[in-house]
Amino acid sequence: MRYETVIGLEVHVELATKSKIFCSCNAKYGAGPNEHVCPACCGMPGMLPVVNKRVVDYGMKAGMMLNCHINRTTTFDKKSYYYPDLPCAYQTTQWFAPVAVNGTVEIETSKGKKSVRIKQIHMEEDAGKLVHDIAEDTTHVDFNRTSVPLIEIVSQPDLSSAEEVEAYLERLKMLLRYAKVAECAMEHGTMRCDVNLSVRPEGSDKLGVRTEMKNMNSIEAIKHAIEYETARHIDAIENGTEVLVQETRRWDDIKGKSFAMRNKETAGDYRYFPDPNVMPVVIDDAWFDSIQASLPELPEEKFARYTEELGLSEYDATQLIKSIALCECFEAAYAVCGNAKDAANWMISEIMSILNKRQMTYDMLSINGTALGELIKLVMDGKVGRANGKKILAAMFEDTTIEPVAYAEANGYVMSNDTGLVEKVVKEVIAAEEKAVADYKGGKEKALMSIFGRCMKELKGNCDPQTLRTILTDTLNKM
Amino acid sequence: MKFYTAKTDAAADRMVVVDDMILTKEMPTAAGSKMLDGYMSLFDAEVVTRLQQAGYAIGGKADVGEFAIDMLGETSYNGTPEADGTLVNASAEILKEGGVTAVVGMDVNGSVRRAAAVNGLVSVKPTYGTVSRYGTIPVACSGETVSVMAKSADECFEVLKAIAGHDDKDGTSLSEEQCAAATAQDAKVCRVAIVKSLTDGVDAQTAEKLAAAKAALSANGVEVCEIEETKLSAARIAWNILMSAELCNNVSRYDGVKYGYRSQNFTNIDELYTNSRTEAFGDLLKTAILFGSDTLSTENYMKVYDKALRMRRVIAEAFDAIFAQYDAVLAPVCAKTAYTTEDVKADRYLSFTENLYTAPASITGLPTVVAGGVQLIGKAFSEGALLAAAKLFEKEGE
Ligand SMILES: [Zn+2]
């Protein structure tokens with residue numbers, strides 16, 4: 001019998017707001033233990049939650065990016081459970097009226113295009129972290145992450161393979177990064193995933209027994225886990241190797257296996273109820289419209305514009321739309337230099353390769369697009385040689401405040417229009433390179449390149465290659 | 001027996017004491033519970049800041065029953081305050097001692113109002129949202145209110161004016177205009193209703209106090225009518241559900257991990273939780289936690305908790321209907337004029353039945369003023385008018 005896998009995902013994404021969801025503590029990742037905490041996010045009594053409006057902005061924006069209906073009145077609820085990293089022993093989340101419902105995400109795989117339905121997106125606070133100290137045989141709690149805003153994106157069980165799951169996660173990442181609401185870096189834990197999976201005979205409309213794997217934090221692990229679980233379920237159905245039960249399982253990436261979690265860890269009744277301290281958030285038309293107006297152009301829309309209006313090749317456009325940071329840098333550079341093809345070339349062959357070499361993500365690009373445009377213009381106008389232009393770009397990676405025009409002047413990268421100087425240098429080099437000149441005269445064309453190179457070096461690169469070539473060959477030929 | 005859990009040396013003409021549900025930076029706050037014995041807050045409650053800004057010195061902290069859900073403070077881990085077997089209340093005793101303008105405390109389940117009633121003092125529980133709850137120990141957040149107890153309506157009003165006002169740190173805080181309305185005295189109480197279902201079951205002395213208040217009001221031209229409205233007496237059960245559920249959730253943070261009492265007897269995290277809470281919490285609180293937890297279970301949520309939320313609306317509508325014709329409801333605060341240690345020994349859950357009289361205003365957040373051993377419940381923002389009317393019978397209780 002042939003089987004199909006039915007997968008639904010719950011994806012947790014940390015929102016990139018400056019402060020936490022219910023207090024004004026810094027929400028940034030990476031501080032020392034318990035440096036970003038206050039009485040509120042440490043669960044001390046007496047502090048009352050005040051909703052960070054930015055979180056609602058971002059939640060709505062995420063919902064709109066995923067084609068969701070936005071609930072105009074959205075409420076917060078308490079979810080109770082005991083865990084040392086949860087200081088109040090409840091998490092404030094959205095259970096009854098989440099910010100966004102009923103959306104879709106379009107994906108494309110080797111099997112074609114598919115629309116994945118989104119059940120809901122809800123906003124909630126993150127929990128802290130336990131740090132186990134093996135040497136001291138003790139556990140410490142770090143509350144920095146407590147109350148950092150999250151959204152949980154719940155899909156319908158519309159996915160059927162590891163390939164589709166990967167495409168879906170990549171698409172989510174791209175949309176949320178385009179909207180600048182989240183970093184979505186699984187390696188930083190700013191994107192985490194619960195996988196709900198069941199298996200059924202192909203064509204059946206009845207769902208099989210569902211298992212859930214929690215807190216998956218790499219796409220490779222997710223793909224691996226899906227393959228493992230699918231095989232385990234089929235084995236159980238076909239060969240009766242075990243009885244499948246609805247349960248939460250833990251994926252062990254090292255062993256390459258999933259394990260049933262202790263019943264105690266999963267059998268909780270979360271006792272959801274509306275948080276009386278947080279008034280319902282009412283999203284009026286003005287608020288809704290302002291968020292809608294702030295939505296970015298989608299990657300496909302950019303692709304169409306780049307190829308149709310700006311005349312870029314499909315390859316170039318595909319490269320640029322990989323990241324909103326690349327698009328923005330490109331668009332700003334193009335606005336200054338006026339040549340889309342040139343701007344795209346600089347982006348793809350220079351900037352993207354530098355980022356790749358430095359093992360930086362495209363989103364980490366911090367070059368100012370306007371400055372890049374000025375640099376491209378200097379090179380286009382023949383004021384700075386291309387090789388020197390690359391040096392200036394390398395400097396701009398180190399110091400984003402560099403202004404290319406001033407920097408070129410200050411560092412002697414400006415082309416010389418002084419043909420007298422070029423002629424003088426040519427004469428000096430010819431005098432010094434007797435052997436190469438003799439070789440050239442003797443018919444070795446290659447020798448010309450070394451003389452040319454030495455001249456360019458003496459001129460510090462500040463000469464239009466065509467001008468140098470003309471003066472050099474003229475001088476040699478006259479000899 | 002101590003009425004103060006902490007005391008300052010402050011000597012001032014204008015001295016106020018806060019109860020031990022209100023957090024203070026300089027003095028410990030224990031909420032009457034062994035769980036928080038010696039707990040030092042990192043910040044002052046908003047009401048403490050406002051009192052100080054208004055020129056009041058904070059004289060100390062008055063003891064309370066554990067998380068303020070009992071009758072009069074008898075469940076405090078400091079011991080039951082009593083005199084010859086009669087329950088006494090720390091805040092009321094401090095006021096009667098003199099030298100203090102008012103005691104500002106949390107009215108969670110009516111204990112402030114009961115203390116004022118059995119001691120012939122005056123108290124005001126203002127409209128929900130007009131006084132910030134920032135810095136108060138959370139128990140039943142949807143209805144608990146910072147309240148003022150004093151010897152006279154005028155003193156209550158003076159202190160209420162100092163603490164009322166909008167606070168950005170409390171998401172349920174009302175606008176500055178609404179808070180100002182609560183301390184205006186332009187309206188007047190002209191027509192008062194006595195709801196029959198709320199007066200049944202009171203003892204003879206309480207009935208006498210009601211009659212005295214009625215007579216005093218009538219003598220001053222206030223029309224007093226008896227009406228039928230049975231829904232208000234259902235507030236008790238609905239409030240017990242909401243209060244216990246919220247309490248269960250709010251006190252779950254006291255787990256022995258971060259601060260407060262920690263059991264010495266544990267080998268793993270589950271034992272740390274269970275033993276710390278078992279050893280530190282008292283019986284009434286434990287009962288409320290278990291009851292509250294049950295009302296929120298998946299099985300019971302719609303059957304119990306959701307129904308209580310609906311009851312809250314029904315009761316608010318019943319009050320609206322009364323206030324379409326009347327300015328206030330005159331009602332008892334408790335069934336008796338005194339309670340004994342025997343009473344609470346015989347019925348540990350007395351405060352969950354005697355709150356028949358206090359729950360209607362707790363669940364709706366309506367303002368209520370206690371004077372002369374009885375209470376006037378009014379429409380939202382009418383506490384100024386209620387206090388003015390209470391002056392007509394505040395001496396009746398003495
Ligand atoms: Zn904080």
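Residues numbered from 1 in each chain as written. Chains lettered and ligands numbered in written order. Predicted model: local features only at pLDDT ≥ 70, side-chain atom pairs only at ≥ 80, totals over all residues. Heavy atoms only, no water.

A.B. asks: Give me the lowdown on the overall build of chain A, citing residues and values where you can.
C.D. replies: Along its length, chain A carries 16 helices and 16 strands. Taken against the 2.2 N^0.38 rule, which gives 23 Å for 479 residues, the C-alpha radius of gyration of chain A at 30 Å runs more than 25% over that of a compact globule. Overall, chain A is about 95 × 60 × 55 Å in size when its C-alpha atoms are taken along their principal axes. Here chain A holds 479 residues, and 50% of them are scored as buried. For chain A, the share of sequence-separated contacts (at least 6 apart) that also reach a separation of at least 24 residues comes to 68%. (Helix = DSSP H or I, 4+ residues; strand = E, 2+ residues; numbered from the N terminus. Rg over C-alpha atoms; globule rule 2.2 N^0.38 Å. Buried < 20%, exposed > 50% of the residue type's maximum accessible area, 1.4 Å probe, protein only. Contact = heavy atoms within 4.5 Å.)

A.B. asks: Lay out helix α4 (residues 153-163) of chain B with the relevant residues and their values.
C.D. replies: Listing the buried residues of α4(B) in full gives B:A153, B:C156, B:F157, B:V159, B:L160, B:A162 and B:I163. Once α4(B) ends, the next one or two residues include B:G165, with phi positive near 145°.

A.B. asks: Summarise the packing of aromatic side chains; cite the residues concerned and give the values.
C.D. replies: This structure, assessed with the given rule, holds 17 aromatic pairs over all chains. Relative to B:Y273, the ring of A:Y82 has its centre 5.2 Å away and its plane inclined at 50°; by these criteria the two rings are tilted. Separated into two different chains, A:Y82 in the loop between β4 (77-80) and β5 (90-93) and B:Y273 in helix α9 (residues 269-280) make up a pair that spans both. Relative to A:F330, the ring of A:Y306 has its centre 5.0 Å away and its plane inclined at 70°; by these criteria the two rings are edge-to-face. A residue pair is termed long-range when its members are at least 10 positions apart, and A:Y306 in helix α6 (residues 299-308) and A:F330 in helix α8 (residues 324-337) qualify at 24 residues. By relative accessible area, A:Y306 is classed as buried at 0%. A:F330 gets classed as buried once you look at its relative accessible area, which sits at 0%. Ring-pair connections join several aromatic residues into one group, and the members of that group are B:Y39, B:F67, B:Y254, B:Y259 and B:F281. (Phe/Tyr/Trp six-rings, centres within 6.5 Å; stacked < 30°, edge-to-face > 60°.)

A.B. asks: How would you sum up the domain arrangement of chain A? Please name residues and give values.
C.D. replies: Each assigned domain of chain A is listed here: domain 1 (3-285), domain 2 (297-410) and domain 3 (419-478). Just the C-alpha atoms count here: the centres of domain 2 of chain A and domain 3 of chain A sit 33 Å apart. (Domains from an automatic or database assignment.)

A.B. asks: Just give me the short version of unusual backbone geometry, but keep the residues and values in it.
C.D. replies: Residues and elements named next belong to chain A. A positive phi angle, near 55°, is found at N102, a position not held by glycine. In this model, R271 sits at a positive phi of 50°, which is unusual for a non-glycine residue. Of the residues examined, R271 reaches a relative accessible area of 23% and is grouped as partly exposed.

A.B. asks: So what about the layout of surface pockets? Which residues, and what values?
C.D. replies: All names here are of chain A. Looking at the second largest pocket, its volume works out to about 1,600 Å³. Forming the boundary of the second largest pocket are 43 residues, of which K173, M174, R177, E183 and D363 lie nearest the centre. Among the elements of the structure, β6 (100-109), β7 (112-125), α2 (162-178), α6 and α8 are those that each provide at least two residues to the lining of the second largest pocket. When residues in the lining of the second largest pocket are grouped by element, the largest group, seven residues, is from α2. Partitioning the lining of the second largest pocket into residue classes produces 19 nonpolar, six polar and 18 charged. Looking at the lining of the second largest pocket, you find at least three residues from each of domain 1 (3-285) and domain 2 (297-410). (1 Å grid on protein atoms, 1.4 Å probe; cavity = no way out; pocket = protein on both sides within 12 Å on 5 of 7 lines; lining within 4 Å. Points joined across faces, edges and corners; volume = space filled by probe spheres on them. Nonpolar A, V, L, I, M, F, W, Y, C, P; charged D, E, K, R; others polar.)

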